[in-house]
Amino acid sequence: VQFVESGGGLVQAGGSLRLSCAASGFTFSSYGMSWYRQAPGKERELVAHITSAGGNTNYADSVKSRFTISRDNAKKTVYLQMNSLKPEDTAVYYCKAPRWPDYWGQGTQVTVSS
């Protein structure tokens, strides 16, 4: 099981970024996928989740209406579109499949300047 996140970077407040996560080592289309983030000095938190076929999504209250999770099962990739970014969104972002709780990617750094 492997996850490779990409798409992070430095952006000004109000800007947008699109994160990608390429998954491998399991039948991607059969499992839900999640995005997490960890800010300096804080615990890792769940940001968004999408079911296996993409029909249902859930978001943390702090990102609702600003972030959108989606997936392309043919490409074995999950995405996180982040709009109206705020400095408090600064964190390392990770994707994972809850089915395998011990497997994490290296993450991608998102830094939002004020």
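Since the structure is predicted, the reported quantities are computational estimates derived from the model, not experimental observations.

Go over the overall build of the protein chain, please, and point to the residues and values.
From N to C terminus, the protein chain includes zero helices and 10 strands. When the helices and strands of the protein chain are placed in sequence order, the string is β-β-β-β-β-β-β-β-β-β. Each principal axis of the C-alpha atoms in the protein chain carries an extent, and together these give about 40 × 25 × 20 Å. With 114 residues in all, the protein chain has 43% of them scored as buried. For the protein chain, long-range pairs separated by at least 24 residues make up 52% of all intrachain contacts whose partners lie at least 6 apart in sequence. In the form shown here, the protein chain has an accessible surface area of approximately 5,900 Å², with 46% of it arising from carbon and sulfur atoms.

Outline the sheet that holds strand β7 (residues 67-72), listing residues and values.
Either a parallel or an antiparallel arrangement is found when strands of a sheet pair, and the pairing is made through backbone hydrogen bonds. Read from one edge of the open sheet, four strands run β1-β3-β8-β7, paired in antiparallel fashion. Here the strands that pair on one side only, and so sit at the sheet edges, are β1 (2-6) and β7. Averaged over all adjacent pairs, the angle separating strand axes in this sheet is 15 degrees, with direction ignored. With six bridges joining them, strand β3 (residues 17-24) and strand β8 (residues 77-82) adopt antiparallel strand pairing. Within β8, the position partnered with Ser20 by the bridge is Tyr79.

Describe the sheet that holds strand β2 (residues 9-12), naming the residues involved and giving the relevant values.
Read from one edge of the open sheet, six strands run β2-β10-β9-β4-β5-β6, paired in mixed fashion. For this open sheet the edge positions go to β2 and β6 (57-59), each flanked by a neighbour on one side alone. The mean inter-strand angle of the sheet, taken between neighbouring strand axes irrespective of direction, is 25 degrees. Sheet topology note: the strand β4 (residues 33-38)/strand β9 (residues 91-96) ladder contains five bridges and is antiparallel. Looking at β9, one finds that Tyr36 is bridged to Tyr94.

What counts, and where the lines are drawn
- Residues numbered from 1 in each chain as written.
- Predicted model: local features only at pLDDT ≥ 70, side-chain atom pairs only at ≥ 80, totals over all residues.
- Heavy atoms only, no water.
- Helix = DSSP H or I, 4+ residues; strand = E, 2+ residues; numbered from the N terminus.
- Buried < 20%, exposed > 50% of the residue type's maximum accessible area, 1.4 Å probe, protein only.
- Contact = heavy atoms within 4.5 Å.
- Areas by Shrake-Rupley, 256 points an atom, 1.4 Å probe, with all protein chains shown as cover.
- Pairing = 2+ DSSP bridges.
- Axes fitted to C-alpha atoms, helices over the stretch in contact; angles between N-to-C directions.

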